[in-house]
Amino acid sequence: WYQRRVREPHCANQHFTVQFTRVAMFPFLFAVVSVLVVLPASSVAVSYTALKFADDAYSLISYNPDMTRLADTFSICLWVKKQRSGNSPSPFNYRNEEIFMTDSGHFNRLFGSTALDGALTSKFTVPMNTWYNYCSTWSLASRTFRVYLNGQQVGTQTTPSGRRLSTGGTLVLGNYVAGHSSLYFGGQMFNFNLFSRELTATEVASMSESGLCTEIPEGLEAYRVIKWEEILKLSRSGTVEDFVDPKCAAAKELRTCPITLKKLELAVAEKSSLELSLNKTQGELLKLERLF
């Protein structure tokens with residue numbers, strides 16, 4: 001018999017173990033193909049739950065995270081769906097504008113600097129009720145604050161030499177501060193994460209291009225300090241509701257791979273060896289899938 005592992009194109013981060021058993025049945029040879037879907041132990045768990053913040057000033061999540069590992073370098077990434085008009089809706093604010101943004105792009109502040117105020121609004125042209133990916137990165141070494149929209153760098157700012165991120169502050173999701181009547185978010189948010197590393201432009205673009213419902217790349221998991229799945233467990237004020245976007249519901253189904261192929265008998269040409277190349281193995285799997 002022959003066994004090979006191949007990735008299944010329809011199931012992200014999963015693979016098939018494919019076993020070919022040679023059975024002599026004159027005048028042909030048959031290969032019994034068994035396919036087992038396995039989720040690698042090294043993959044990162046995914047939460048498909050997003051949050052919907054009510055259209056008011058008191059629906060938010062507020063807590064004091066440990067930001068120690070982020071003092072010298074950080075990257076923040078999340079998915080945002082804008083549902084209020086104007087320049088002011090604020091998905092998050094950390095320690096009174098130490099890190100602060102609005103979903104229109106009008107405010108993108110680090111260390112309270114107003115250098116980018118109004119400068120990026122023309123870049124944030126995503127329509128209302130449409131998901132977009134936002135990331136910002138910075139390090140003490142580079143002294144450069146970079147803002148990304150849907151994987152593309154749209155703005156930069158040079159920060160003062162020696163200035164580090166202040167720790168010990170409050171992180172507010174869903175408003176600037178509790179009760180602020182003009183800066184409250186009132187939109188939808190998904191996969192808010194903070195990393196203790198300055199992500200590269202390639203890494204940011206890759207996460208954006210992978211789409212709304214994909215998991216954090218395994219290589220970045222060790223740097224993920226503030227985790228979305230832990231935020232979902234925090235206490236909430238006002239009306240902050242869990243939901244699963246229809247796109248992510250579909251992705252969840254694909255990830256569990258319910259279409260696992262049953263055992264089939266596939267007539268193959270008589271050969272002295274059943275050694276198959278990876279490309280041919282994948283081709284045979286696709287042919288088998290079409291039989292269903």
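Above this text you will find the structure in question.
The present account deals with the structure reproduced in this document. Everything quoted here is computed from the prediction, not taken from an experiment. Throughout, residues of each chain are indexed from 1 in the direction in which the sequence is written. Local features in this predicted model are restricted to residues whose pLDDT is 70 or higher, and side-chain atom pairs enter the listing and the counts only when it is 80 or higher, whereas totals over whole chains, interfaces and linings include all residues. Side-chain calculation: all heavy atoms of the structure are included, whereas hydrogens and water are not.

Points about the pairing of strand E10 (residues 131–139)
- Classification of residues uses two cut-offs on accessible area relative to the type maximum, computed with a 1.4 Å probe and protein chains only: under 20% is buried, over 50% is exposed, and between them is partly exposed. Counting from the N terminus, the helices are DSSP H or I runs at least four residues long and the strands are E runs at least two residues long. Within E10, 9 of the 9 residues are buried, leaving the element largely enclosed by the surrounding structure.
- Burial of E10 is two-sided: the residues Trp131, Asn133, Cys135, Thr137 and Ser139 facing one way and the residues Tyr132, Tyr134, Ser136 and Trp138 facing the other way are all buried.
- Of the strand pairs in this sheet, E10 and strand E11 (residues 144–149) are connected by 4 bridges, and their pairing is antiparallel. What sits directly across from Thr137, in E11, is Arg146.
- In this structure, the hairpin formed by E10 and E11 is closed by a connection of 4 residues, where Arg143 is found at a positive phi of approximately 55°. Two strands are said to pair when DSSP picks up at least two bridges between them.

What to know about the state of the cysteines
- Two cysteine sulfurs form a disulfide in these notes if their separation is within 2.5 Å. Taken as a whole and judged by the stated rule, the model has 2 disulfides.
- Covalent S-S linkage joins Cys213 and Cys248, the inter-sulfur distance amounting to 2.3 Å. Measuring the twist about the S-S bond at about -85°, one finds the Cys213-Cys248 disulfide to be left-handed. Here the residue Cys213 occupies a position in the loop between helix H1 (201–210) and strand E15 (224–226), and Cys248 occupies one in helix H3 (residues 246–256), the gap between them amounting to 35 residues.

Here we look at the pattern of salt bridges
- Every case where a carboxyl oxygen of Asp or Glu lies within 4 Å of a side-chain nitrogen of Lys or Arg is listed as a salt bridge. As enumerated under the stated definition, the model contains 12 salt bridges in all.
- The salt bridge involving Glu221 is made with Arg224; its shortest N-O contact spans 2.9 Å.
- Look at the salt bridges and you will find they share partners, linking Glu221, Arg224, Lys227 and Glu229 into a network.

Digging into the packing of aromatic side chains
- Stacked, edge-to-face and tilted are the three classes for Phe, Tyr and Trp ring pairs, Trp counted by its six-membered ring, which pair at centre distances within 6.5 Å; planes under 30 degrees apart are stacked, over 60 edge-to-face, the rest tilted. Under the definition given, this model contains 10 aromatic pairs.
- By way of ring pairs, the aromatic residues Phe92, Phe124, Tyr132, Tyr134 and Phe192 are connected into one cluster.
- Whether a charge sits over a ring depends on NZ of Lys or CZ of Arg being within 6 Å of the ring centre and within 35 degrees of the ring normal. The ring of Phe111 carries Arg163 above its face, with NZ or CZ at 4.1 Å from the centroid.
- The aromatic ring of Tyr223 is capped on one face by Arg197, whose charged end is 4.9 Å from the ring centroid.

Overview of H1
- Here H1 has its buried residues at Val204, Ala205, Met207 and Ser208. End-on view of H1: buried residues confined to an arc of 160°, all on one side of the axis. Opposite the packed face of H1, turned more than 90 degrees from it, sit the exposed residues Thr202 and Glu209.
- Contacts are residue-level and defined by heavy atoms, with any inter-residue pair within 4.5 Å sufficient. Contact partners of the buried residues in H1: strand E6 (73–81), E10 and E11.
- One or two residues past the end of H1 sits Gly211, with phi positive at roughly 100°. In this description, the arc belongs to the directions extending from the helix axis to the C-beta atoms.

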